[in-house]
Amino acid sequence: METVPGGRWVAEIYGCDLDVLENPRMVEAALLDAVMRLGAPRGSAQSVVYKFHPQGLSAAVVSPVAAVMIHTWPEDNASATLDLYFYRDGVDPEEVLKGLSRAFGAKEESAFRYWRGTEHAIKRRAFGGQQGG
C-alpha cells in the first residue's frame with residue numbers, strides 16, 4: 001500500500017481543568033495553536049465554537065492542510081474527545097496531541113492513531129450486492 005501524507009489522531013482526554021475546558025476563548029486558542037503546529041499557513045484557519053448551557057462545548061478549527069475538533073464532557077470526569085486531521089509531511093501529531101492534553105490540563109489520555117495509506121486496526125469492507133438508485 002502506498003503511503004500518503006497525513007492521518008487522523010482520535011483521542012479522549014480525562015481529568016481536565018474545568019476552567020479551561022469550559023472557556024470558549026481558551027479552547028479556541030488551543031485548537032488554533034494545534035492547527036498551526038500541524039502545518040496550516042498563517043491566516044488560513046477558520047474556527048467555530050458552540051457553548052452549550054449549562055456546560056460543555058464543541059469547537060472546530062479548520063485550514064487547507066489540518067483540522068482539529070473537540071467536544072467536551074465536563075460532567076464525565078472533565079473529559080473531552082479530540083479529532084486531529086493533518087495532510088502534510090514533516091509534522092509531529094503526537095507532540096500536537098500532547099500539547100493539547102497539556103493545554104487542557106488532562107490527567108489521562110486514550111488515543112487511536114491512523115496514518116493514511118498504511119495498514120491499521122480499522123479495516124475497510126465492501127458492501128457487495130448493493131445497487132444504486
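Residues numbered from 1 in each chain as written. Predicted model: local features only at pLDDT ≥ 70, side-chain atom pairs only at ≥ 80, totals over all residues. Heavy atoms only, no water.

As recorded in an unreviewed UniProt entry, the protein chain goes by the name S-adenosylmethionine decarboxylase, listed as coming from Thermus tengchongensis.

Asks: Can you help me understand the side chain of Ser 63 in this one?
Replies: Among the secondary structure elements, Ser 63 is positioned in the loop between strand S3 (57-62) and strand S4 (66-73). For Ser 63, a relative accessible area of 15% translates into the label buried. Discounting residues that sit within four places of it in the chain, Ser 63 has contacts with Val 35, Ala 40, Ser 44 and Ala 45. (Helix = DSSP H or I, 4+ residues; strand = E, 2+ residues; numbered from the N terminus. Buried < 20%, exposed > 50% of the residue type's maximum accessible area, 1.4 Å probe, protein only. Contact = heavy atoms within 4.5 Å.)

Asks: Would you explain the packing of aromatic side chains in this entry?
Replies: By convention here, two paired aromatic rings are described through the distance between centres and the angle between planes. Taken as a whole and judged by the stated rule, the model has 2 aromatic pairs. Ring centres 5.2 Å apart and planes at 70° place the aromatic pair Trp 9 and Phe 86 in the edge-to-face group. Taken as a pair, Trp 9 in strand S1 (residues 7-14) and Phe 86 in strand S5 (residues 79-86) lie far apart in primary sequence, 77 residues in all. We classify Trp 9 as buried; its relative accessible area is 4%. Judged by its relative accessible area of 0%, Phe 86 is buried. Look at Tyr 50 and Phe 52: their rings are 4.8 Å apart centre to centre, the planes differ by 70°, and that puts the pair in the edge-to-face class. You can call Phe 52 partly exposed: its relative accessible area is 31%. (Phe/Tyr/Trp six-rings, centres within 6.5 Å; stacked < 30°, edge-to-face > 60°.)

Asks: Would you mind going over the nonpolar core with me for this structure?
Replies: Most often, soluble globular proteins have nonpolar side chains that are buried together. Counting residues in hydrophobic clusters, the biggest one holds 31 residues, and the most contacted among them are Ile 70, Leu 82, Leu 84, Leu 100 and Phe 104. For this core, the secondary-structure elements that each account for two or more residues are S1, helix H1 (18-21), helix H2 (24-37), S3, S4, S5 and helix H3 (93-103). When residues of this core are assigned to their parent elements, the largest contribution, 6 residues, is made by H2. (Core = buried A, V, L, I, M, F, W, Y, C linked by side-chain atoms within 4.5 Å.)

Asks: In this structure, what is going on with the pattern of salt bridges? I would like to understand it.
Replies: A side chain of one charge can pair with a side chain of the opposite charge when the charged atoms of the two come close. Taken as a whole and assessed by the stated rule, the structure comprises 4 salt bridges. As a salt-bridge pair, Glu 22 and Lys 51 come within 2.8 Å of each other at their nearest N and O atoms. On the criterion of sequence distance, the pair formed by Glu 22 in the loop between H1 and H2 and Lys 51 in strand S2 (residues 46-51) is long-range, its members being 29 residues apart. (Salt bridge = Lys/Arg side-chain N within 4 Å of Asp/Glu carboxyl O.)

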